[in-house]
Amino acid sequence: MKKILYVLAFMLLTLGAFGQTTTIYLIRHAEKVDNSKNPDLSKVGLERAEHWKTVLAQVPLKAVYSTDFLRTVQTATPTATSKNLEIIKYDPKTLDLEQLKKEHKGQAILIVGHSNTTPDLVNRIINQKVYAPIDDTVFGNLYIITISGNELSHQLLQEL
């Protein structure tokens, strides 16, 4: 009986190692106070940042990435704080996506970017040109990329 339990435990561990699913959530920063170079979030933007925390509350995030701008960091902060995670700063132009996928294999992560960089990152990760830059008035897009073995899926959820 013990032998069967050991074999069963080994099989479950092996399946877990090969069946790891990586999920990457990507959002644009929330509404900003003005159009200056590095603005804070507006009151509505701060509320949206809190909303993202609620939306992602049940997601077991292991990392939160943000560009080094006030608006993106302020968007990421409520979610990162609720998960006891430090925000990892990244540059969308130099982010090594293969290294990112390798480092976070089997994990869920959040990446906060901008109207142009977020869809571009999604397109680069999925290796297809599917998503256009986000309109300046749109702040509720949630892109979800799921990688399981050699299978990759992606979707865009939009709030009205």
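Residues numbered from 1 in each chain as written. Predicted model: local features only at pLDDT ≥ 70, side-chain atom pairs only at ≥ 80, totals over all residues. Heavy atoms only, no water.

Colleague: When you look at the side chain of Thr 118 in this model, what are you seeing that I'm missing?
Modeller: Along the polypeptide, Thr 118 turns up in helix α5 (residues 117–126). A distance of 3.4 Å separates a polar atom in the side chain of Thr 118 from the backbone oxygen of Ile 27. Excluding anything up to four places from it in sequence, Thr 118 contacts Leu 26, Ile 27, Arg 28, Gly 113, Ile 134 and Tyr 143. (Helix = DSSP H or I, 4+ residues; strand = E, 2+ residues; numbered from the N terminus. Polar contact = N/O pair within 3.5 Å; in protein donor to acceptor, adjacent residues only side chain to side chain. Contact = heavy atoms within 4.5 Å.)

Colleague: Is there a simple way to think about helix α2 (residues 43–55) in this case?
Modeller: In an α-helix, one full turn covers 3.6 residues, which means residues spaced three or four apart are oriented alike. Under the 1.5 Å per step criterion, the end-to-end length of α2 is 18 Å for 13 residues, consistent within 8% with the ideal 18 Å. Every buried residue belonging to α2 is among Gly 45, Arg 48, Ala 49 and Trp 52, and all of these are buried. Relative to the axis of α2, the buried residues are bounded by an arc of 105° and lie together on one face. Exposed positions of α2 whose direction lies more than 90 degrees from the buried face are Lys 43 and Thr 54. Next to the buried residues of α2 lie β1 (21–28), α3 (70–82) and β5 (141–148). (Expected span 1.5 Å × (residues − 1). Buried < 20%, exposed > 50% of the residue type's maximum accessible area, 1.4 Å probe, protein only. Arc of directions from axis to C-beta.)

Colleague: Any chance you could explain the pairing of β5 here in plain terms?
Modeller: The two faces of the sheet receive side chains in turn, since in a regular strand these alternate between them. Among the 8 residues in β5, 6 count as buried, and that is most of the element. Relative to β5, β1 runs antiparallel, the two sharing 7 bridges. Paired with Tyr 25 across the two strands is Ile 144, which belongs to β5. Two elements, β5 and strand β6 (residues 151–158), share 8 bridges in a ladder whose sense is antiparallel. Note that in β6 the partner of Leu 142 across the bridge is Leu 157. The hairpin turn running from β5 into β6, its antiparallel successor, is 2 residues long, and Gly 149 in that turn takes a positive phi close to 65°. (Pairing = 2+ DSSP bridges.)

Colleague: I would appreciate a short explanation of the packing of α2 against α3 in the present structure.
Modeller: Two measures define how a pair of helices packs: the angle their axes make with one another and the distance between the axes. Between α2 and α3, whose axes approach to 8 Å, the crossing angle comes to 35°. The element α2 and its partner α3 pack so that their crossing is right-handed. Note on element contacts: α3 touches α2 through Gln 74, Thr 75, Pro 78, Thr 79 and Ser 82, opposite Ala 49, Glu 50, Trp 52 and Lys 53. Grouping the constituent residues of the contact of α2 with α3 by class yields 3 nonpolar, 4 polar and 2 charged. (Axes fitted to C-alpha atoms, helices over the stretch in contact; angles between N-to-C directions. Left-handed = near helix turned anticlockwise from the far one by under 90°. Nonpolar A, V, L, I, M, F, W, Y, C, P; charged D, E, K, R; others polar.)

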